[in-house]
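The primary structure of each chain is shown beneath.
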Amino acid sequence: IFLKYNPVYKQEATTLWETRLDTAIRSVPYLVTNHYTRGKEIFVQDEANNIYLVSGTGKILWKRHLYEKIIGNVTQVDALKNNKLQMVFNTSSFIFLIDRNGKDVTGFPVKLKAPATNEISVFDYEKNKNYRVLVACSNGAVYNFEINGKPAKNWEFPKLKKNIKKPLKHFTCEGKDYLLGMDEDGNIYLTDRTGKNRFQVKGKIRLS
């Protein structure tokens with residue numbers, strides 16, 4: 001028989017591992033793929049706007065300071081088409097593309113002409129890694145960038161009536177591409193890949 005008594009007993013931790021950051025976590029933990037091992041790692045931002053990449057065993061691989069909060073999700077892309085993954089995301093003022101070592105990819109960060117009102121949308125229309133990165137801004141414009149950070153050619157999305165807060169969506173119907181956006185007043189924008197109107201929606205959608 002073994003009997004243990006401790007008057008200041010507290011429950012023992014049952015976590016697999018624990019990692020302490022500089023301050024409280026601001027973002028959700030994003031699971032990202034290590035392109036070497038194909039295992040999962042954790043990308044996270046704290047209240048001081050530091051971003052971290054944490055290994056699957058809880059080791060902090062690197063830390064980097066940003067000046068703003070990340071808006072929305074973090075998406076992985078193969079920007080260089082070499083089977084190595086980078087992370088693309090945006091803050092209010094910039095679009096970032098960073099490698100797994102926390103370094104900026106050439107051409108980034110991209111400075112936006114006005115504060116972003118939504119998170120970026122990343123589209124790969126032909127599944128050939130020719131990505132497009134779309135973001136709406138407070139000046140009533142929707143911007144479209146290639147994955148090298150340069151503005152996409154022949155882009156002419158209509159002037160927004162109100163800010164778009166949700167990410168833009170892409171779908172196909174009968175072989176045609178559609179980009180879909182909805183502003184905070186319920187106006188619908190339905191365009192082709194170049195931002196030209198495909199269909200003029202007369203009504204509005206009431207937001208929940």
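Now for a quick tour of the structure. Nothing here was measured: the structure is a model prediction, and the numbers come from that model.

What counts as what
Residues numbered from 1 in each chain as written. Predicted model: local features only at pLDDT ≥ 70, side-chain atom pairs only at ≥ 80, totals over all residues. Heavy atoms only, no water. Helix = DSSP H or I, 4+ residues; strand = E, 2+ residues; numbered from the N terminus. Rg over C-alpha atoms; globule rule 2.2 N^0.38 Å. Core = buried A, V, L, I, M, F, W, Y, C linked by side-chain atoms within 4.5 Å. Buried < 20%, exposed > 50% of the residue type's maximum accessible area, 1.4 Å probe, protein only. Pairing = 2+ DSSP bridges. Axes fitted to C-alpha atoms, helices over the stretch in contact; angles between N-to-C directions.

Overview of the overall build of the chain
Move 1: Scanning the chain for helices and strands turns up zero helices and 14 strands.
Move 2: Each helix (α) and strand (β) of the chain, taken in turn from the N terminus, gives the series β-β-β-β-β-β-β-β-β-β-β-β-β-β.
Move 3: The C-alpha radius of gyration computed for the chain amounts to 21 Å, which surpasses the reference 17 Å derived for 208 residues by more than 25%, pointing to a less compact arrangement than a globule.
Move 4: Taking the principal axes of its C-alpha atoms as reference, the chain extends roughly 80 × 40 × 35 Å.

Comments concerning the nonpolar core
Move 1: Counting 19 residues, the largest nonpolar core has Val 77, Ile 95, Leu 97, Leu 112, Val 135, Phe 145 and Ile 147 as the members making the most contacts within it.
Move 2: Of all the elements in the fold, those that place two or more residues in this core are strand 7 (94-98), strand 10 (132-136) and strand 11 (142-146).
Move 3: Of all hydrophobic cores here, the second largest spans 13 residues; its members include Ile 51, Leu 53, Trp 62 and Val 74.

Focus: the pairing of strand 14 (residues 188-191)
Move 1: Side chains Ile 188 and Leu 190 of strand 14 all project onto a buried face; the interleaved residues Tyr 189 and Thr 191 project onto the opposite face, where all are buried too.
Move 2: Of the pairings in the sheet, the one linking strand 13 (residues 176-182) to strand 14 comprises four bridges and is antiparallel in character. In the strand pairing of strand 14, Met 182 is matched with Ile 188.
Move 3: The hairpin formed by strand 13 and strand 14 contains five residues between the paired strands, and Gly 186 there has a positive phi angle of roughly 90 degrees.

Some points on the sheet that holds strand 2 (residues 40-45)
Move 1: Strand order in the open sheet made by the four strands is 1-2-3-4, with antiparallel pairing throughout. The two strands at the open ends of the sheet, each matched to only one other strand, are strand 1 (30-33) and strand 4 (60-65). On average, adjacent strands in this sheet sit at an angle of 25 degrees to one another, irrespective of strand direction.
Move 2: Where strand 1 and strand 2 come together, four bridges link them in antiparallel fashion. Considered in strand 2, the bridge of Val 32 is made with Glu 41.

Concerning the sheet that holds strand 13
Move 1: Read across the open sheet, the three strands follow the order 12-13-14; overall the sheet is antiparallel. Each of the sheet's edge strands pairs with one partner strand only, and the pair in question is strand 12 (169-173) and strand 14. Strand-to-strand twist in this sheet, taken as the mean axis angle between neighbours without regard to direction, amounts to 25 degrees.

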